[in-house]
Amino acid sequence: MRYIFFVFLSIITAVVIWSFCLNNSQHISANNTQIHYNGRIDFSDSLQPSFYYPGTEITILFSGTSCTIKLGQESFGDIDEYGNPHTNFYTVLLDGKHTIIKAKEGLNSYQVGKQLKDTIHTLQIWKRTEAICGRGYFGGITIDKSAKLFPVRVPKRKIEFIGNSITCGYGLDGDNKDCKFSAATENNYLTYGAIVARKLDAEYRAVAYSGKGIFQNFGGGREDVMPDLYQRQNPLDEYSQWNLKSWIPDLVVINLGTNDFAHEVPDSAGFVKNYAGLLRTIQGNYPDAKIVCLISQMLSDHWPVGVNARTNCKKFIEAAISELNSKNIYVTELSAQGDNGYGCDYHPNKKQNEINGAELTTFIMEEVVK
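In this text, all values refer to a predicted model and were calculated from it rather than measured experimentally.

J.: Give a description of the sheet that holds strand β14 (residues 251-255) that names residues and reports values.
T.: Pairing in this open sheet of five strands is parallel, and the strands run β13-β12-β14-β15-β16 from one edge to the other. Two strands in the sheet have a free side with no partner beyond their single neighbour: β13 (202-208) and β16 (329-333). Looking at each pair of strands side by side, their axes are set apart by 20° on average, direction ignored. Pairing between β14 and strand β15 (residues 290-295): four bridges, direction parallel. Each bridged residue has a counterpart across the sheet, and for valine 253 the counterpart in β15 is valine 292.

J.: Can you lay out helix α6 (residues 309-324) for me, pointing to particular residues and giving the numbers?
T.: An ideal rise of 1.5 Å per residue puts 22 Å on 16 residues; α6 measures up with 23 Å between its terminal C-alpha atoms. Turning to α6, its buried residues number three or more, namely Ala309, Arg310, Asn312, Cys313, Phe316, Ile317, Ala320, Ile321 and Leu324. Contact partners of the buried residues in α6: α5 (268-285), β15 and β16. Of the residues trailing α6, asparagine 325 is marked for its positive phi of about 50°.

J.: Outline the nonpolar core, listing residues and values.
T.: Residues Ile254, Phe271, Tyr275, Leu279, Ile282 and Cys293 are the most contacted members of the largest nonpolar core, which totals 39 residues. The set of elements that each furnish at least two residues to this core consists of α4 (226-229), β14, α5, β15 and α6. Excluding anything up to four places from it in sequence, isoleucine 254 contacts Ile162, Tyr275, Leu278, Leu279, Ile282, Ile291, Val292, Cys293 and Leu294. Residues Ala30, Phe62, Leu116 and Phe138 belong to the second largest nonpolar core, which totals 27 residues.

J.: I'd like a description of the side chain of aspartate 260, backed by residues and values.
T.: Examined against the element boundaries, aspartate 260 turns out to sit in the loop between β14 and α5. Within polar-contact distance, the side chain of aspartate 260 engages the backbone nitrogen of phenylalanine 215 at 2.7 Å. Excluding anything up to four places from it in sequence, aspartate 260 contacts Gly213, Ile214, Phe215, Gln216, Pro266 and Phe271.

J.: Describe the state of the cysteines, with residues and values.
T.: Under the defined criterion, the tally for this structure stands at one disulfide. For cysteine 179, the disulfide goes to cysteine 344, at an S-S distance of 2.0 Å. Sign of the S-S torsion, about -105° for the bond between cysteine 179 and cysteine 344, identifies this disulfide as left-handed. Here cysteine 179 is found in the loop between α2 (165-168) and α3 (192-199), whereas its partner cysteine 344 is found in the loop between β16 and α7 (350-369), with 165 residues between them in sequence. Here the two residues cysteine 179 and cysteine 344 agree in accessibility, since each one is buried. Here cysteine 168 is not cross-linked by a disulfide; its sulfur's nearest cysteine counterpart is in cysteine 133, at 9.0 Å. The buried category is assigned to cysteine 168, whose relative accessible area is 0%. Summary of cysteine pairing: cysteine 293 is not part of a disulfide, and the nearest cysteine sulfur, belonging to cysteine 313, is at 10 Å. Judged by its relative accessible area of 0%, cysteine 293 is buried.

J.: How would you explain the environment of phenylalanine 76 if you had to name every residue and give the values?
T.: Within the secondary structure, phenylalanine 76 sits in the loop between β5 (67-74) and β6 (89-94). A relative accessible area of 36% places phenylalanine 76 in the partly exposed class. With 268 residues separating them along the chain, phenylalanine 76 and cysteine 344 place their C-alpha atoms 23 Å apart. Look past the residues within four positions of phenylalanine 76 in its chain and what remains in contact with it is Tyr52, Ala131, Ile132, Gly134, Arg135 and Leu236.

Quick notes on the rules
Residues numbered from 1 in each chain as written. Predicted model: local features only at pLDDT ≥ 70, side-chain atom pairs only at ≥ 80, totals over all residues. Heavy atoms only, no water. Pairing = 2+ DSSP bridges. Helix = DSSP H or I, 4+ residues; strand = E, 2+ residues; numbered from the N terminus. Axes fitted to C-alpha atoms, helices over the stretch in contact; angles between N-to-C directions. Expected span 1.5 Å × (residues − 1). Buried < 20%, exposed > 50% of the residue type's maximum accessible area, 1.4 Å probe, protein only. Contact = heavy atoms within 4.5 Å. Core = buried A, V, L, I, M, F, W, Y, C linked by side-chain atoms within 4.5 Å. Polar contact = N/O pair within 3.5 Å; in protein donor to acceptor, adjacent residues only side chain to side chain. Disulfide = S-S within 2.5 Å.

So far we have only geometry, and geometry alone does not tell us how the molecule works.
Shown next, in the form of structure tokens:
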């Protein structure tokens, strides 16, 4: 009898606490105009906007003492080389303090702040992982009943980064070159591109997908290369088209070519044609934007043997640029990796991204912005 009494008392207590919390909080829907979204986001369901690309960001300013967010995950059934299902990871910053969230399947609540000082707080939700890790979606935020949202300051500058696994952040958090791809070690938040955007106080977007090339992908396939994906809202759906005029960057940075040269020298005419075509697409939609074409930090004249990948890729890119005869297109080389160790599968690690981010920032400020 005493056991039954304590069970009953526990249930009553839980109900009281739940009722108290419910009556002292409010749910803010994802379509609230004070929530700032940045990325190629699908708003066809305004209460659960969805996204695929890494670097998609949601920023919210709110008052009060607590905060719970709703994040959704739709996985595609793929697994990594360790046998783990792909899922999205997020860097969540609350007043600058980092938390990492591993998304669970479906729509779930994640408490990211409690017993906070009753003031205005900045919340940033940053998608660390790329499209193969699944569709992410956002279901709103729960805050104190007496709290409210405030307008978010949006940087005036806008920079778009077009790239492959390097720009995604593949293996950035890996310990060494021998680890394989996993969602847990992909970290777009600390990539060279994200670093540049923060240094220049610019709104950042990444249109990036691992293994993609200009003319041919890592495995040699020539379908769904990056110039094709660049047109899409969902990179996995050829019918999902993005309105390129809906967000106009001041600067576009292209870091492509590594996968084209992964095994052999690609057809030069095909590479130049596709690269020049991508440049024309960018200029056709962003006529005033400046473009920086990068020679990848993963390209080397030593590997693959006999390919002279770094030299040949630079030559092909310069040939593509010359076809446009534009003063707004620049080319620069990122310092090659190696001395600072590696992330997974020989990808740039955190230190290498910091170095490349710093040197690209300097180049932009000294040669492009002036």
